[in-house]
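Residues per chain are reported as follows:
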Amino acid sequence: MNAMDLERAKVHEADACLVLANKYCPDPDAEDAANIMRVISIKNYSDDIRVIIQLMQYHNKAYLLNIPSWDWKQGDDVICLAELKLGFIAQSCLAPGFSTMMANLFAMRSFKTSPDMAAWQNDYLQGTGCEMYTETLSPTFTGMTFSQASELCFVKLKLLLLAIEVKPEDGGDPKISINPRRSKLPTNTVGFFIAQSAEEVKRAWFYCKACHEDVKDENLIKKCKCKHLMTFRKGVRAIQLVGKTMANKTGATPATPFSAALSKPLLNIKNSVMAKEENGSKPVMNGRLVPIGPNGLVDETYGGYHISYEVKKLMPTNKPADQQKNGKMEVGIADDQAKDFDFAKTEMKYDSTGMFHWTPARSIEDCILDRNQAAMTVLNGHVVVCLFADPDSPLIGLRNLVMPLRASNFHYHELKHVVIVGAVDYLRREWKTLQNLPKISVLNGSPLSRADLRAVNVNLCDMCVILSAKVPSNDDPTLADKEAILASLNIKAMTFGDIITNIESMGDSKDALNNMGDTTVKRPGPIYGTNVPMITELVNDSNVQFLDQDDDDDPDTELYLTQPFACGTAFAVSVLDSLMSTTYFNQNALTLIRSLITGGATPELEIILAEGAGLRGGYSTPDTLSHRDRCRVGQISLSDGPLATFGEGRKYQDLFVASLRNYGMLCIGLYRLRDAALTTVDATSKRYVITNPPFDFGLLPTDQVYVLLPFERKQSRFSFSETEV
């Protein structure tokens, strides 16, 4: 906050400035406000320095957009702990253990296996050494589909290609596309890889079909002597520089003097929006004025005004000159909708960006169940959220947990019902951000009450999430997680054998509440609470030792080496610290992680949420419906279904290639039983995470596979088996 201190620290010469939050503070909003003030001070001292900040609360992200020199295009970035923490947990509801896999990917560490360790620990540790890297693909990949490129990378180069950077033809900002379909790779495509080292990833740049097609050992793929390969990068860089210069000379919008911008605001707004639509560029994140000359402005400021999303939707899509050239008058989005839709009959199903399922706002009273109503409801395949909170506890942002589960790349019937067990007084304060998300119920009760847990069929849920919004006291850090640990142990101690028959007998009930659970697939739940799928959020890493009574973890063991974390049943916010250094070295890695974790949050959506009015519904247009076509995280079993043959002792590479070719699915890891043969007395049904196994890794029938599933328009229960190829 002191310019003299910033001078002494030579901030103006620094490469970047990282602002860390105190994750254990009693007032998260006050902590965020103080850190945002620090960013303002730093930017005021040196407006061009790159700043990466940690924020506690999601709703405070909006204030960063108001800082005049904050610019995410220049590398400024924010790591919101609540958004990512709850996003990681949400993805674990869809694919148990996924939070562990992703956390290990951005933690920079090497692994050392040991013959003294159990086999499962060595498998897990090998995965913890994997990290995310970016590298330009060699000319050999030009013109391939993503599936072909990914198969070549895995089989030939022993690399896992996850995503590519796509540059729009209209010159807009590049986007990261995860496991895309149908599109061909242009020259100089940047790929996102999972690998053990940056050295390995260089193979993707060095690979040359002429020189390396017959090479069996991937370590021999080095820089070859082909002239086109050696000059390719230089040539591309030269072309890019020429292209930028030409764009600056010919394609730039004429600068508008500030006084003129203010004197004709409406005309400038209209002209600049039309220019924006034509150029395909995104709106500026903070709507600020950015001088480009003595009296100039960039065209993204809308004539000096930051206009709302609704105003933008009402603007014409093309310039009048273009309309006359085409011989027809194009209309704006709103006019187009008025022509094609009957507003009285059309139902809004998605938000205005098309990225999430949406429903008209409901009051919390309409979603509250009492214990009897919950018991009468045949809940099955749902998500139970056990929430500890006082009426005045700081908001944790439950929207960040529910929104990834409401991503539009799920069909409506695939959405898992979310049942929150906790104090309604606290949830009333959170409800404003949840009221437009479908399939949510609230049970006003206690997560420590077995009667409440039985009422919501915790034994039939797909995942039980244990969270606490309570402020940890400074007296004893061990007590910070007491409620979460007690709730976890309480569920594990429960037995359910006496109520399974009752649930089955109630299956034919035509009660109106039956539709809330996924009743189409009945499955018997576990008899013992130890088999209930569960993930517990911890404040203090060392408390992980209390979650599993049957493990032998040393209290001083690092969190990532403990059994609950390896199994995906525990998550602590501290693992997000390493994301700061990952973002510093590779800004795109954070963008990729965020798009995987949040279910598709975009800069456009962040601007809408920054308005404070919550999600807005939108009528479906071809443009918004196209946003559904993006991949999602899933978990496929090898015990049955089309992939069952691979569980019979086949190799991981066989599974990888077949899944990609036949179903468009990208395999990224395994979720394996810790005790593969459940024959010994102390055998357990616990599973552990194996990130990106080696190509010759043997598969078992009990394995489950982490996959990135493409979206399919066909609605099918076993949807992955009917994917368009």
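These figures come from a predicted structure and were not determined experimentally. (Residues numbered from 1 in each chain as written. Predicted model: local features only at pLDDT ≥ 70, side-chain atom pairs only at ≥ 80, totals over all residues. Heavy atoms only, no water.)

Ordered in space as E17-E20-E18-E19, the four strands form an open sheet in which the pairing is antiparallel. The open sheet has two free edges, formed respectively by strand E17 (632–637) and strand E19 (687–691), since each of these has just one partner strand. Here the average twist between neighbouring strands, direction ignored, is 30°. Where strand E18 (residues 666–673) lies against E19, five bridges are found, and the strand directions are antiparallel. Across the sheet, the residue bridging to Leu 670 is Ile 690, located in E19. (Pairing = 2+ DSSP bridges. Helix = DSSP H or I, 4+ residues; strand = E, 2+ residues; numbered from the N terminus. Axes fitted to C-alpha atoms, helices over the stretch in contact; angles between N-to-C directions.)

Bringing the packing of aromatic side chains into the picture now. Counting across every chain of the model gives nine aromatic pairs. Centre to centre, the rings of Phe 141 and Tyr 207 are 6.2 Å apart; their planes meet at 50°, and the pair counts as tilted. Of the two residues, Phe 141 sits in the loop between strand E4 (131–136) and helix H7 (146–156) while Tyr 207 sits in the loop between helix H9 (203–206) and helix H10 (209–212), which places them 66 residues apart along the sequence. Judged by its relative accessible area of 4%, Tyr 207 falls in the buried class. With centroids separated by 5.8 Å and ring planes inclined at 65°, the aromatic side chains of Phe 154 and Tyr 652 adopt a geometry described as edge-to-face. (Phe/Tyr/Trp six-rings, centres within 6.5 Å; stacked < 30°, edge-to-face > 60°. Buried < 20%, exposed > 50% of the residue type's maximum accessible area, 1.4 Å probe, protein only.)

As a further point, take the environment of Tyr 560. The topology assignment puts Tyr 560 in the loop between strand E14 (534–538) and helix H23 (563–566). For Tyr 560, a relative accessible area of 12% gives the class buried. Through-space distance from the C-alpha of Tyr 560 to that of Asn 104 is 7.7 Å; in sequence the pair is 456 residues apart. Other than its neighbours up to four places away in sequence, Tyr 560 contacts Asn 104, Arg 109, Tyr 124, Leu 125, Thr 128 and Phe 565. (Contact = heavy atoms within 4.5 Å.)

Moving on: the pattern of salt bridges. Enumeration over the complete set of coordinates arrives at 18 salt bridges. Here Lys 202 makes a salt bridge to Glu 199, at a shortest N to O gap of 4.0 Å. Its relative accessible area of 53% is what places Glu 199 among the exposed residues. When the shortest N-O distance is used, the salt bridge between Arg 371 and Asp 452 registers 2.7 Å. Linking Arg 371 in helix H17 (residues 371–376) with Asp 452 in helix H20 (residues 450–455), this pair joins segments that are 81 residues apart in sequence. (Salt bridge = Lys/Arg side-chain N within 4 Å of Asp/Glu carboxyl O.)

Let us now look at the pairing of E19. The two faces of the sheet receive side chains in turn, since in a regular strand these alternate between them. With five of five residues buried, E19 is to be regarded as a mostly interior element. In E19, alternate side chains face the same way, and those of Arg 687, Val 689 and Thr 691 on one face and Tyr 688 and Ile 690 on the other are all buried.

So, on to the confidence of the model for the protein chain. For the protein chain, per-residue confidence averages 76 on the pLDDT scale, and residues scoring 70 or more make up 73% of the total. Of the regions scoring below 50 in pLDDT, residues 234–345 engages in 130 contacts with residues more than four places distant in sequence or in other chains. This stretch, residues 715–725, has a pLDDT under 50; its non-local contacts, to residues over four places away or in other chains, come to 32 contacts. (pLDDT = per-residue confidence, 0-100.)

Turning our eyes to something else, we now look at the nonpolar core. By size, the foremost hydrophobic cluster in this structure holds 141 residues, and its most contacted members are Phe 88, Phe 141 and Leu 467. With nine residues, the single largest contributor to this core is helix H4 (residues 81–94). Leave out the neighbours within four places in its chain, and Leu 467 touches Leu 86, Ile 89, Val 385, Cys 386, Leu 387, Phe 388, Ile 396, Leu 398, Leu 401 and Glu 537. Core analysis: the second largest hydrophobic core is formed by 23 residues, Leu 379, Cys 386, Leu 453 and Val 532 among them. (Core = buried A, V, L, I, M, F, W, Y, C linked by side-chain atoms within 4.5 Å.)

Right, let's talk about the pairing of strand E5 (residues 160–166) for a bit. Here E5 lies mainly inside the structure; six of its seven residues are buried. Pairing geometry for E5 and strand E6 (residues 175–178), over four bridges, is antiparallel. The partner of Val 166 across the bridge, within E6, is Lys 175.

Here the focus is the environment of Cys 567. Looking at where Cys 567 falls in the secondary structure, it is placed in the loop between H23 and strand E15 (570–572). Separated by 106 residues in sequence, Cys 567 and Leu 673 have C-alpha atoms that sit 9.4 Å apart. The residues contacting Cys 567, other than those within four sequence positions of it, are Gly 97, Tyr 671, Lys 686, Arg 687 and Tyr 688.

Our next topic: the sheet that holds E14. With parallel pairing, the seven strands of this open sheet are ordered in space as E9-E12-E11-E10-E13-E14-E15. The sheet terminates laterally at strand E9 (368–369) and E15, the two strands that pair on one side only. In terms of strand pairing, E9 meets strand E12 (residues 440–444) through two bridges, oriented parallel. Note that in E12 the partner of Leu 369 across the bridge is Leu 443. Packing against the sheet, helix H21 (residues 482–492) makes contact with strand E10 (383–388), strand E13 (463–468) and E14, and its axis sits at approximately 165° to E14.

Where helix H24 (residues 578–585) meets helix H25 (residues 587–598), the closest approach of the two axes is 4 Å, and the angle between their N-to-C directions is 125°. Relative to H25, the element H24 lies oblique. Contact with H24, carried on its side by Leu 579, Thr 582, Thr 583 and Phe 585, involves Gln 587, Ala 589, Leu 590 and Ile 593 of H25 and no other residues of that element. Along the lines of polarity and charge, the residues of the contact of H24 with H25 split into five nonpolar, three polar and no charged. (Parallel < 35°, antiparallel > 145°, perpendicular 65-115°, else oblique. Nonpolar A, V, L, I, M, F, W, Y, C, P; charged D, E, K, R; others polar.)

Once that is clear, we can look at a nonpolar patch on the surface. Taken together, the side chains of Met 1, Met 37 and Ile 40 make up a nonpolar region of the molecular surface, amounting to roughly 300 Å² of accessible area. Examined against the element boundaries, Ile 40 turns out to sit in helix H2 (residues 28–45). Classification of Ile 40 by relative accessible area gives partly exposed; the value is 35%. (Patch = residues over 30% accessible without salt bridge, like charges linked within 9 Å, V, L, I, M, F, W, Y side chains within 5 Å. Areas by Shrake-Rupley, 256 points an atom, 1.4 Å probe, with all protein chains shown as cover.)

Counting buried positions along H7 gives eight out of eleven residues, so the element sits mostly inside the fold. Those residues of H7 that fall on the buried side of the exposure criterion are Phe 146, Ala 149, Ser 150, Glu 151, Leu 152, Cys 153, Phe 154 and Lys 156.

The next point concerns the side chain of Thr 353. By the element assignment, Thr 353 lies in the loop between strand E8 (350–351) and E9. Using a relative accessible area of 2% as the deciding quantity, one classes Thr 353 as buried. Here the side chain of Thr 353 touches Asp 351 through a polar contact of 2.7 Å, side chain to side chain. Polar side-chain contacts of Thr 353 include one of 3.4 Å to the backbone nitrogen of Met 355. With sequence-adjacent residues up to four places away left out, Thr 353 is seen in contact with Glu 604, Leu 605, Ile 608, Thr 624 and His 627. (Polar contact = N/O pair within 3.5 Å; in protein donor to acceptor, adjacent residues only side chain to side chain.)

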